[in-house]
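# A look at the structure
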Amino acid sequence: MQSGRSCQTAYRVTSREGVRYFLRIMPEEESAGCRERFRMQKAAAASGVPVCQPVEMGECEEGVYILQSWIEGEKVETALPSLSDAEQYACGLEAGRILKALHALPVPEDMPDGEARWNARIDRLLEACRGCPARLEGAEQLFTYIEANRSLLKGRPRRFQHGAYHTGSLMLENGRLAAVGFERCGYGDPWEDFGCMARIVKVSPRFASGLVNGYFTNGVPLLFWKLLALYSAYRALSGLLQPLSSGGGAAEAADILGWHDGMRSPIPSWYFKGYYLQTIDGRPYKLKAPFDFSFLASYGRVFKVFDDQDSGNICFGTEREGQRYFIKFAGAPTEAYDGTAEDAVRRLKAALPVYRDLSGSGLEQFVQAEETGGGYALIFRWAQGSCMGRAYPAAHRRFMSLPVKARLKVFRDILVFLEHVHACGYVAVDFYDGSILYDFETEKTTVCDIDFFRKKPCINDMGRMWGSGRFMSPEEYRLGAELNERTNVYTAGAFAFALFGGYSRSRDRWPLGEASYQAAAKATAEDPGGRQPSIRQFRKEWEKAFR
């Protein structure tokens, strides 16, 4: 297969013993550069830096070859979207530490100063910009910043450079990172290795921030940001001047200008100073302050952490003796929560009768509740599945790409559950797409996270209640409004538009026919009196539309 530069070819090969390797073949004229890259890669491996291991280099009929270890993992670029924010940030921290280690490798003595080389490149670029007849949007701001800050290049150190350090040149294998793709390595200002930041930020600003913070363990110097802005502006201006650009150069320039407020701010808007991170059983998670979770050992090994809730809860997936559990805990200083631990504990305790009263009809299986670890925990059987919610983009996309027939079955399961909610005397509050899990293997729907359901009769005592605006009825915004089964009907209609209209309530986006659209539109009427009086009636009208 072709890979990397157009004059190189790369293969995955397997030895007679079944060992896999990565084989790259280059033309003879690149042999000198290949030998130096191979030498530096060996030095990195010998220093304990996690890189693909160089095995052998030699001559072949096509030129020269490099044989190195094969990494079975996944490119970070494709792995990041399925990771939590804390995991993305922790992954970035590790990538920053790896880059720092690469920059510490020994370099040849008497390295030439890079200032003259960079100034010559800048001169050529600015001359081309002056001679460009077209007026390029943003070019003047980039031009001005480069000209005003090129003096920062004076005296920059010369270090080993990876040359293309980004999420596509890092592999994730069994939770560990390894650097690959050394084809462009060389020597120069080590901070030039952050030059692919625009590509990284597109994938994950959390990873990008972790990369910077992991590299600079004692705070990020302002000089770094100014130089990174200089290198970014140079790259963006170069892209703008490409005559055959397909628009990518303009897009990158717009991003750079946006992140740097028209080049007025050297610190980009995507950067954040980071989380307080802890780990448990190798799983990172974010908090506002330290908290002792050693009590979780009694529930088994932690294999998953959910730390993004704004309710004050943090959740863990654990496994003990082959049985998996889901633990919802209140009492820790969770990062996304602004209230007190006492309030979070009070609300979670109030949720206990909800799970007991509504057990069955697709709800996650409740096991027990207990005061533990200085807080309060609800324990459930682990429900296998992916979340429908937009907060989990990869799972959400997969869910929404299900065939219509499969989504119709999910919707039927939701209606059955809402009928059960009414029969048990409850109103579904804060019931939204994040409450739906779907097992793609068994085609099973599970309902979870119903902490804020209310026992009837129910009056809105909050004003805007808990919940996602895409699923909340008008009465869930009005202090003193009655919440009843017509509120549940509204939620059902909102789910219909989410599942089949892509969250849009426009007739043009509706794929299922006029009768089903009218049933969903009636269910989401602003006036509760204009809706179907019950979930059963809505279900009757809905199912009639498909006969």
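Throughout what follows, the structure given in this document is the object of discussion. All of these numbers come straight from a predicted model, not from anything done at the bench. (Residues numbered from 1 in each chain as written. Predicted model: local features only at pLDDT ≥ 70, side-chain atom pairs only at ≥ 80, totals over all residues. Heavy atoms only, no water.)

Each helix and strand counted, the chain has 15 helices and 23 strands in total. Projected onto its principal axes, the C-alpha coordinates of the chain cover approximately 80 × 60 × 50 Å. Residue burial in the chain is summarised as follows: out of 547 residues, 53% are buried. Contacts in the chain between residues at least 24 apart in sequence constitute 63% of all its contacts with a sequence separation of at least 6. Accessible surface for the chain amounts to roughly 25,500 Å². Of this, 49% is attributable to carbon and sulfur atoms. (Helix = DSSP H or I, 4+ residues; strand = E, 2+ residues; numbered from the N terminus. Buried < 20%, exposed > 50% of the residue type's maximum accessible area, 1.4 Å probe, protein only. Contact = heavy atoms within 4.5 Å. Areas by Shrake-Rupley, 256 points an atom, 1.4 Å probe, with all protein chains shown as cover.)

Bringing helix α11 (residues 393-400) into the picture now. Those residues of α11 that fall on the buried side of the exposure criterion are A395, H396 and F399. Seen end-on, α11 carries its buried residues on one side only, within an arc spanning 100°. Close packing links the buried residues of α11 with β17 (386-387), α12 (404-423), β19 (436-439) and α13 (485-500). (Arc of directions from axis to C-beta.)

Moving on, we get to the state of the cysteines. This model, assessed by the stated rule, comprises zero disulfides. With no disulfide partner, C424 has as its closest neighbouring cysteine sulfur the one in C458, 16 Å distant. (Disulfide = S-S within 2.5 Å.)

Residues separated by three or four positions in an α-helix point in the same direction, a consequence of the helix having 3.6 residues per turn. Of all the residues in helix α5 (residues 139-149), the buried ones are A139, L142, F143, Y145, I146 and N149. Mapping the buried residues of α5 onto a view down its axis gives an arc of 165°, with all of them on the same face. Of the residues in α5, the exposed ones pointing more than 90 degrees away from the buried face are E140 and A148.

Let's shift gears to the sheet that holds strand β7 (residues 170-173). With respect to topology, three strands assemble into an open sheet ordered β5-β7-β8, the strand pairing being antiparallel. The outermost strands of the open sheet, each flanked by one partner alone, are β5 (74-75) and β8 (176-179). Taken together, the four bridges between β7 and β8 define a ladder with antiparallel strand orientation. By the bridge assignment for β8, M171 is matched with A178. Packed on one face of the sheet, helix α3 (residues 85-103) meets β7 and β8 and runs near 40° to β8. (Pairing = 2+ DSSP bridges. Axes fitted to C-alpha atoms, helices over the stretch in contact; angles between N-to-C directions.)

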